[in-house]
Amino acid sequence: QVQLVESGGGLVQPGESLRLSCAASGSNFNGYTMGWYRQAPGSQRELVASITPGGNTNYADSVKGRFTISRDNAKSTQYLQMNSLKPGDTAIYYCNIRKRPWFDYWGRGTQVTVSS
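Nothing here was measured: the structure is a model prediction, and the numbers come from that model.

Draft legend 1. Representation of the environment of Gln-39 in the model. Tracing the chain through its elements places Gln-39 in strand S4 (residues 33-39). Classification of Gln-39 by relative accessible area gives partly exposed; the value is 29%. Residues Gln-39 and Thr-113, spaced 74 residues apart in sequence, show a C-alpha to C-alpha distance of 12 Å. Among residues more than four places away in sequence, those in contact with Gln-39 are Gln-44, Arg-45, Ala-91, Ile-92 and Tyr-94.

Have a look at this one:
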């Protein structure tokens, strides 16, 4: 069974950093696009960052220069390094691994709260 296990979320103060991890198991994901989405109260779920099998990355304008997505295919794990966190980054963050049209897997979500 495919499973996505997230870790690294929590409560931090503005300006601090967090690193989210998403470990996938149950298949070989080298050919999948990996990414992170987030959803804040009253907002739609939005793409935060993604990384293709070839290493091409894409970021939401709101996080460019602050967040970095990476992947370790040997560990079937993706990471989201979040620096200079702001209260506006507060959201539930969801891990996603996909290979359309056949596969689209989601984590359960992890809460990131940025507050004083």
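What follows continues from the structure just given.
Draft legend 2. Focus on unusual backbone geometry. In this structure, the amide linkage connecting Arg-100 to the following residue, Pro-101, adopts the cis form with an omega of 5°. Structurally, the position occupied by Pro-101 is in the loop between strand S9 (91-99) and strand S10 (103-106). Here the phi dihedral of Ser-76 falls at roughly 50°; this positive angle occurs in a residue that is not glycine. Structurally, Ser-76 is set in the loop between strand S7 (67-72) and strand S8 (77-82). Although it is not a glycine, Ser-84 sits at a positive phi angle of roughly 50°. Residue position: Ser-84 is located in the loop between S8 and S9. For Ser-84, a relative accessible area of 40% corresponds to the partly exposed category.

Draft legend 3. Representation of the packing of aromatic side chains. Counted under the stated rule, the structure contains five aromatic pairs. An angle of 25° between the planes, with centres 6.5 Å apart, marks the rings of Tyr-32 and Tyr-105 as stacked. One end of the pair, Tyr-32, is in the loop between strand S3 (18-25) and S4; the other, Tyr-105, is in strand S10, and 73 residues separate them in sequence. Take Tyr-105: its relative accessible area is 24%, and that puts it in the partly exposed class. Between Phe-103 and Tyr-105, the ring centres sit 6.1 Å apart and the planes meet at 20°, which makes this aromatic pair stacked. Judged by relative accessible area, Phe-103 falls into the partly exposed class, the value being 33%. Members of the aromatic cluster, connected to one another through ring pairs, are Phe-29, Tyr-32, Phe-103 and Tyr-105. Its guanidinium or amino end placed over the ring of Tyr-94, Arg-45 lies 3.9 Å from that ring's centre, counting from NZ or CZ. Here the basic side chain of Arg-45 rests over the ring of Trp-106, its NZ or CZ set 5.0 Å away from the ring centre.

Draft legend 4. Main features of the pattern of salt bridges. Taken as a whole, this structure holds four salt bridges when the rule is applied. The closest approach of N and O atoms between Arg-38 and Asp-89, which form a salt bridge, is 3.0 Å. Taken together, the positions of Arg-38 in strand S4 and Asp-89 in the loop between S8 and S9 put the pair 51 residues apart, joining distant regions of the chain. For Asp-89, a relative accessible area of 1% gives the class buried. Linking Lys-64 and Asp-61 is a salt bridge whose minimum nitrogen-to-oxygen distance equals 3.1 Å. A relative accessible area of 65% places Asp-61 in the exposed class.

Cut-offs used in this document
Residues numbered from 1 in each chain as written. Predicted model: local features only at pLDDT ≥ 70, side-chain atom pairs only at ≥ 80, totals over all residues. Heavy atoms only, no water. Helix = DSSP H or I, 4+ residues; strand = E, 2+ residues; numbered from the N terminus. Buried < 20%, exposed > 50% of the residue type's maximum accessible area, 1.4 Å probe, protein only. Contact = heavy atoms within 4.5 Å. Phe/Tyr/Trp six-rings, centres within 6.5 Å; stacked < 30°, edge-to-face > 60°. Lys NZ or Arg CZ within 6 Å of the ring centre and 35° of its normal. Salt bridge = Lys/Arg side-chain N within 4 Å of Asp/Glu carboxyl O.

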